[in-house]
Amino acid sequence: DAGITQSPRHKVTETGTPVTLRCHQTENHRYMYWYRQDPGHGLRLIHYSYGVKDTDKGEVSDGYSVSRSKTEDFLLTLESATSSQTSVYFCAISESPRGRFFGPGTRLTVL
Amino acid sequence: AQTVTQSQPEMSVQEAETVTLSCTYDTSENNYYLFWYKQPPSRQMILVIRQEAYKQQNATENRFSVNFQKAAKSFSLKISDSQLGDTAMYFCAQGGNTGNQFYFGTGTSLTVIP
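Quick caveat, the model's predicted, so the values are computed rather than measured.

**Some thoughts on the overall build of chain A**
Item 1. For chain A, the helix and strand inventory stands at 0 helices and 11 strands.
Item 2. Each helix and strand of chain A, ordered N terminal to C terminal, gives the series β-β-β-β-β-β-β-β-β-β-β.
Item 3. For chain A, the C-alpha radius of gyration of 13 Å lies close to 13 Å, the compact-globule estimate for 111 residues.
Item 4. Referenced to the eigenvectors of the C-alpha coordinate spread, the extents of chain A come out at roughly 35 × 25 × 25 Å.
Item 5. Within chain A, the proportion of its 111 residues that are buried is 50%.

**Comments concerning the confidence of the model for chain B**
Item 1. The predicted model of chain B has a mean per-residue pLDDT of 92, with 97% of residues at 70 or higher.
Item 2. Confidence, expressed as mean pLDDT per element, reaches its minimum in chain B at strand β11 (residues 102-104) of chain B with 89 and its maximum at strand β3 (residues 19-21) of chain B with 98.

**A word on the packing of aromatic side chains**
Residues and elements named next belong to chain A.
Item 1. All told, the structure shown has 18 aromatic pairs over all chains when counted by the stated rule.
Item 2. With centroids separated by 6.2 Å and ring planes inclined at 25°, the aromatic side chains of Y33 and Y48 adopt a geometry described as stacked. With a gap of 15 residues between them, Y33 in strand β4 (residues 31-38) and Y48 in strand β5 (residues 42-51) connect regions that are remote in the sequence. When sorted by exposure, Y33 lands in the same class as Y48, which is buried.
Item 3. It is R100 that lies over the ring of Y33; its NZ or CZ is 3.6 Å from the centre.

**So, the sheet that holds strand β3 (residues 19-25) of chain A**
The strands making up a sheet associate through backbone hydrogen bonding, with each pair oriented either parallel or antiparallel.
Residue and element names in this part refer to chain A.
Item 1. Spatially, β1-β3-β8-β7 is the arrangement adopted by the 4 strands of the open sheet, whose pairing is antiparallel. Each edge of the open sheet is held by one strand with a lone partner, namely β1 (4-7) and β7 (64-70). Across the sheet, the axes of successive neighbouring strands diverge by a mean angle of 20°, strand direction being ignored.
Item 2. The pairing of β1 with β3 spans 4 bridges and is antiparallel. If you follow S7 over to β3, its bridge partner there is R22.

**Overview of the interface of chain A and chain B**
Item 1. Contacts between the two partners involve 17 residues from chain A, matched on the other side by 18 residues from chain B.
Item 2. Of all residues in chain A, R98, R100 and F102 of chain A give up the largest surface area on contact with chain B, accounting jointly for 38% of the area buried on that side.
Item 3. The interface formed by chain A and chain B contains 0 salt bridges.
Item 4. Among the elements of the structure, β4, β5, β9 (87-94) and β10 (101-102) of chain A are those that each provide at least two residues to the side of chain A that touches chain B.
Item 5. Looking at the side of chain A that touches chain B, its residues break down into 11 nonpolar, 3 polar and 3 charged.

**Focus on the state of the cysteines**
All names here are of chain A.
Item 1. Enumeration according to the criterion identifies 2 disulfides over all chains in this entry.
Item 2. Between the sulfur atoms of C23 and its disulfide mate C91 the distance is 1.9 Å. Judged by the sign of its S-S torsion, about -70°, the cystine formed by C23 and C91 is left-handed. With C23 in strand β3 and C91 in strand β9, the pair connects residues that are 68 residues apart, well separated along the chain.

Quick notes on the rules
Residues numbered from 1 in each chain as written. Chains lettered and ligands numbered in written order. Predicted model: local features only at pLDDT ≥ 70, side-chain atom pairs only at ≥ 80, totals over all residues. Heavy atoms only, no water. Helix = DSSP H or I, 4+ residues; strand = E, 2+ residues; numbered from the N terminus. Rg over C-alpha atoms; globule rule 2.2 N^0.38 Å. Buried < 20%, exposed > 50% of the residue type's maximum accessible area, 1.4 Å probe, protein only. pLDDT = per-residue confidence, 0-100. Phe/Tyr/Trp six-rings, centres within 6.5 Å; stacked < 30°, edge-to-face > 60°. Lys NZ or Arg CZ within 6 Å of the ring centre and 35° of its normal. Pairing = 2+ DSSP bridges. Axes fitted to C-alpha atoms, helices over the stretch in contact; angles between N-to-C directions. Contact = heavy atoms within 4.5 Å. Buried area = accessible area lost by both parts, 1.4 Å probe. Salt bridge = Lys/Arg side-chain N within 4 Å of Asp/Glu carboxyl O. Nonpolar A, V, L, I, M, F, W, Y, C, P; charged D, E, K, R; others polar. Disulfide = S-S within 2.5 Å.

Quick look at the structure:
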C-alpha cells in the first residue's frame, strides 16, 4: 500500500470556522490531489499539486484553498466552513497524472 | 467532455461464482490508463487493477481480470470465485495526461451472497 496518511480522520466543526486537513505521503510522489466524495456525485477533484508550490484547481474548488510547501505534505483549507462542505475528503498521490493511490479519507461534518 | 459510465448501479453474486462489472468511457486521447477501484464499507479506496491503453493484453490480478475493448471503449471487470470480502462499491476510472484529467464512474455496488 502507498504510504499516505490523512489527519484528522474525523472532524465536526461549526459553520464559519476555518478547517485544515492534512495529507502526508512517504512515497516521494510528485502529484498530490484532494477529492471529495458525496452521495450521487462520486469523487470530485477539488485541487491538485504537481510539485512543491505548484497547484491548480479542480472542478469543485470554490471555498477551498491548498498549499504544498514540502513534497510530502498537501494541506486543504476551508477558510469558512459551510454545511455544503460536509463530505468525505480523500487525498491521493501519484508518480504521473495517470494514476491515483488514495489515503484513508477524512469525514468532515459542518454543523 | 470525457465521461466514464457504469450502467449497473447494483449487482449481486453467489459466493464462489463469477461476476462481470461493466464500464464504458469516452476519450479523445490515444494514450491513457484505465482503473478499477474497490471501496468497501470502511470507505478506503483500493486500487484493484490497472490497464494501459497501448497494451492489447488484458490485465490480470489474481481473481480479478479485465476485458479491454479499445475500439468499443469498454473496460469490464471480471471477479472469479467471488468471496464475501469482495462486497463493496466498485468504481471504474480513466486517467489522461494532466493532473485534472482523471474521471470516475458513479460506481457499482456489489454484494456477495453466502
